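# Report on the structure
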Amino acid sequence: MDYKGDIFYINQVLEGRVNAFSYLVDKHKDSAFNLAFRICGNHEEAEEIAQDAFLKVYKSLKGFKMKSSFSTWLYRIVYNTAISMVRTRKKGILSLEDFPVNIVDFSGDNFSEEEAEKEYRNSLINFALQKITEEERGLITLYYYDELKSEEISEITGISKSNIKVKLFRARQRMITIIEKTEKKNLIYHD
Amino acid sequence: MINQGKYNDDPLRQYISPGNRVQAPEGFTSKIMSRIQVKTESIEQRSKFHVKSWVPIISILVTTVLIVTAFLIPHSETGSIIQKVISYLPELNLSISMDKINSLFTLVLPGWFSYILISIFILVLLDRAFISIFHREK
C-alpha cells in the first residue's frame, strides 16, 4: 500500500472522509498491537486495548495539535490504556515454576530447529516480560521492539529521560536474571 | 540503522529485535472501521433527533407565552393594545381589506375555547413525556 504522510490522512479524516482513517490504522496497527500485547500479555486484551486506542484517537483527532508525531500520540494512548487495564486487572505475579518447560516441542516435525529456537526465545521473552512491572514492560517494548530514543519514550510515557535510563537498566537486569534462571531450569528438565 | 555495537553489548538484544513484533490479528482494520461507522451513524441520528425535538419545544414555548400573556395583560388595556396594532396595519398596505381585519378583532370566542387550548397544551406535554420514556435511543 502506498502511504502518504500521516498528516495527509489526518486532514482527510477531518474534512469528513472517514475511510481515510483506515490508512492510519493499517500503518500503525502492528506497533500499537505489539505494545498493548507486551504490556498486558494476552492477545484478546491487546486487541481490545489497541482498538479502544484507535477509537479514542479518532474521536479526539480534531484536538490533535501535531506538536508530536501521530505515532507518538497513538503510542501514548495505547500505553496509558494498557497500563490502566493491567492495573485494574492485577493478576497474581507468576513464579519461575509457571514457565512451561515443554512450551516448544523440539522433537516435532512441525518446526525446523531454527523456528523452534525462535519460538522458544519468544516464549521466554514473554514470560520474562510478565515478571516485571507493566511500566517496565512498556519501556522495554518501546526501546527494544520499536527502537525509540529516550526522548520519544519520555514523551509517550511521561517519565523523565534520566528516569527512563535508570528504569530500563533495572528492567534489563531483571529480565536477564529471569531468562538465565529459566534456561538453567529448562536445561535440567531436558537433560 | 541498527547499531551493531549496541547489539553486542546488550544481551537482551539476542532475544528481542524489531522483527519479533507481534502482528495485529486479521480483520483488525475493518473491525475498527465498522465500529467508527456505527458511532458516526448514531451521532448523526442523535443530531437529527435533536433537530426534530426542537419543533414541539418551540410550539410549546409559543403556546405557553401566549397563555401567560393572556393572563397577565389587564382586561382594561386589551382594547388599547389592539387599537395600536390596528392603527399600524394601514401602513403595511395589505391586500386584505381593513374591514375584514377589524371583524377579526371583534370576533367573540365561546368560553369553552380556553379549556380546549389548555387541554391541547397538556396533551402535547404528555406526548413529549411518553416519547422520551418509550423511544429512548439504544
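Below is a summary of the structure that appears in this document. (Residues numbered from 1 in each chain as written. Chains lettered and ligands numbered in written order. Predicted model: local features only at pLDDT ≥ 70, side-chain atom pairs only at ≥ 80, totals over all residues.)

## Brief notes about the overall build of chain B
Scanning chain B from N- to C-terminus turns up five helices and zero strands. Counted from the first residue to the last, chain B has its helices and strands arranged as α-α-α-α-α. When each of the 138 residues of chain B is scored for burial, the buried share is 4%. (Helix = DSSP H or I, 4+ residues; strand = E, 2+ residues; numbered from the N terminus. Buried ≥ 20, exposed ≤ 12 C-beta atoms within 10 Å, placed from the backbone.)

## Topic: the overall build of chain A
Scanning chain A from N- to C-terminus turns up eight helices and zero strands. Counting all 191 residues of chain A, 34% fall into the buried class. Across chain A, every contact between residues at least 6 apart in sequence was considered, and the portion connecting residues at least 24 apart equals 65%. (Contact = placed C-beta atoms within 7 Å.)

## Some details on the nonpolar core
Within the largest apolar cluster, 52 residues are counted, with the highest numbers of intra-cluster contacts made by Ala 36, Ala 50, Ala 53, Val 78 and Ala 82 of chain A. Here this core gets 11 residues from one element, more than from any other, and that element is helix 2 (residues 21-40) of chain A. Shared between two domains, this core takes at least three residues from each, and those domains are domain 1 (1-91) and domain 2 (94-191) of chain A. Ignoring any residue separated from it by four or fewer positions in sequence, one finds Ala 50 of chain A in contact with Lys 29, Ala 32, Phe 33, Ala 36 and Val 78 of chain A together with Ala 24 of chain B. (Core = buried A, V, L, I, M, F, W, Y, C linked by C-beta atoms within 7 Å. Domains from an automatic or database assignment.)

## Structural notes on the environment of Asn 80 of chain A
Position of Asn 80 of chain A among the secondary structure elements: in helix 4 (residues 70-89). Look at Asn 80 of chain A and you get partly exposed, because 17 C-beta atoms sit within 10 Å.

Everything listed is a geometric property; what it means functionally is a separate question.
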